[in-house]
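A closer look at the structure
Chain by chain, the residues:
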Number of protein chains: 2
Amino acid sequence: MRAEGLERVTMRRLAQELDTGPASLYVYVRNTAELHAAVLDRLLGEVDLSAAGAEGDWRERLVRLLTSYVDVLFAHPALARAALVARPSGEHYLDLVEAVLALLAEGGVPSARASWGLDLLLQYATASAAEHSAQGQAPQTKDDWDALTRALRDASPDRHPQIAALGTTLLSGTGEERLAWGFQVLISGITAAPEPPTTPPTP
Amino acid sequence: MRAEGLERVTMRRLAQELDTGPASLYVYVRNTAELHAAVLDRLLGEVDLSAAGAEGDWRERLVRLLTSYVDVLFAHPALARAALVARPSGEHYLDLVEAVLALLAEGGVPSARASWGLDLLLQYATASAAEHSAQGQAPQTKDDWDALTRALRDASPDRHPQIAALGTTLLSGTGEERLAWGFQVLISGITAAPEPPTTPPTP
DNA sequence: ACCTGAACACCGTTCAAGT
DNA sequence: ACCTGAACACCGTTCAAGT
């Protein structure tokens with residue numbers, strides 16, 4: 001349960017590490033999703049929450065905090081992908097949520113927008129980590145990306161004029177630059193967006 | 001290869017449908033990721049591109065187009081999750097990209113911001129579909145969400161004052177409302193964001 | 001040369017049988 | 001009552017042997 005050094009977190013692998021059969025894990029956890037969520041929450045302990053308290057504008061600090069979160073996920077590709085589906089609900093995750101909310105509050109973002117914006121920011125960070133981390137993981141995704149690059153370059157000006165016109169601009173920038181730019185877009189969008197409708201919680 | 005009615009797209013399932021062994025598929029496709037990308041692109045043929053040409057503000061039409069994309073992914077949960085990792089590069093995907101870019105151009109978004117914004121919009125749409133579609137798929141994710149709900153409600157005002165203060169606001173709204181709000185945030189953020197740095201394409 | 005059966009090395013989950 | 005060995009029903013990928 002508290003094993004580390006996990007590249008691909010699976011029931012059987014973990015069971016083996018604990019010198020037992022895979023069935024035994026079902027005493028502590030109901031299924032793989034719950035296992036992922038638990039391991040993920042442990043991992044979130046590595047997020048540098050102090051980035052929220054450092055110097056600088058609240059936006060800068062928010063970006064630094066979220067970047068730390070991305071870095072942590074990035075180091076564990078399998079969990080990054082799991083994080084999108086199996087949301088953790090442990091103490092470390094709550095700490096991260098708290099820190100993000102505190103920064104949004106400091107920036108004067110009203111509560112409804114902060115609530116929805118929180119999800120947007122974390123989802124973007126998680127998806128970016130998952131997407132990009134897969135690249136380094138399996139060699140095949142490299143080929144996928146190459147195929148997309150070629151497809152965009154070879155776009156016919158007749159059928160896809162916009163793509164052809166933009167050309168290499170579509171592929172410009174590094175992953176880091178794009179990540180940072182995305183955070184800026186989200187933050188400025190959240191502060192500018194209309195207040196969301198105030199419906200009662202779903203269930 | 002052109003089989004449909006697929007809930008979980010796997011090599012073996014598809015091979016069985018084609019009355020052959022799984023090894024045979026490797027003649028047409030190098031691995032599962034490539035298979036997913038191919039099937040996904042076929043699926044994207046169902047996206048309602050005419051939403052881009054309908055009446056209304058370019059923002060409204062963009063949201064309608066992206067919502068159609070989400071709906072299509074939503075109907076095929078397994079592929080939605082695959083879409084984040086295995087980017088398709090087929091004709092249907094290019095058509096979608098073209099349509100989004102055309103709307104951004106109509107809105108007067110400069111090309112560099114449109115290029116990066118495109119990725120942001122599609123990534124958000126894809127991640128939302130993947131995240132939400134998993135909910136309906138496996139019953140366990142429901143429990144995960146319940147656990148998170150409980151964790152947020154029970155947040156201690158001492159350790160997590162922001163969470164406690166927001167209370168049910170954190171969980172307010174339906175999936176549709178949040179999706180639409182997210183699109184608005186992204187669009188307004190993209191139009192307001194600074195021009196990204198103009199670095200040459202990575203390699 | 002092209003296709004593929006069979007094998008290898010993995011999975012998650014269940015459940016009856018053990019302690 | 002609690003734990004788990006063994007079994008079931010799946011996977012992706014490879015490769016030698018067939019045509």
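See the structure above.
Residues numbered from 1 in each chain as written. Chains lettered and ligands numbered in written order. Predicted model: local features only at pLDDT ≥ 70, side-chain atom pairs only at ≥ 80, totals over all residues. Heavy atoms only, no water.

**What about the overall build of chain A?**
When you go through chain A residue by residue, the secondary structure sums to nine helices and zero strands. Its helices and strands taken in sequence order, chain A reads α-α-α-α-α-α-α-α-α from the N to the C terminus. Taking the intrachain contacts of chain A between residues at least 6 apart in sequence as the baseline, contacts between residues at least 24 apart amount to 69%. About 9200 Å² of surface is accessible on chain A, with carbon and sulfur atoms providing 52% of the total. (Helix = DSSP H or I, 4+ residues; strand = E, 2+ residues; numbered from the N terminus. Contact = heavy atoms within 4.5 Å. Areas by Shrake-Rupley, 256 points an atom, 1.4 Å probe, with all protein chains shown as cover.)

**Structural notes on the interface of chain A and chain B**
Often the size quoted for an interface is simply the accessible area lost on bringing the parts together. Taken together, the contact pairs 77 residues of chain A with 76 residues of chain B. For the chain A and chain B pair, buried surface summed over both sides reaches about 6800 Å², with 64% attributable to carbon and sulfur atoms. Put simply, chain A and chain B have eight salt bridges between them. Here B:Arg87 makes a salt bridge to A:Glu131, at a shortest N to O gap of 2.3 Å. Remark: the boundary between chain A and chain B carries 22 residue pairs in polar contact (both at pLDDT 80 or more). (Buried area = accessible area lost by both parts, 1.4 Å probe. Salt bridge = Lys/Arg side-chain N within 4 Å of Asp/Glu carboxyl O. Polar contact = N/O pair within 3.5 Å; in protein donor to acceptor, adjacent residues only side chain to side chain.)

**As for the relation of the copies chain A and chain B**
Take chain A, turn it by 180 degrees, move it 0.0 Å along the axis, and it overlays chain B with an RMSD of 0.1 Å. Taken together, the turn and the small shift mark the pair as related by a two-fold rotation axis. Within chain A, A:Gly189 has its C-alpha nearest the rotation axis, a separation of 2.0 Å. A symmetric contact is evident, with 99% of the interface residues of chain A recurring at the interface of chain B. (Least-squares fit on C-alpha atoms with pLDDT ≥ 70 in both.)

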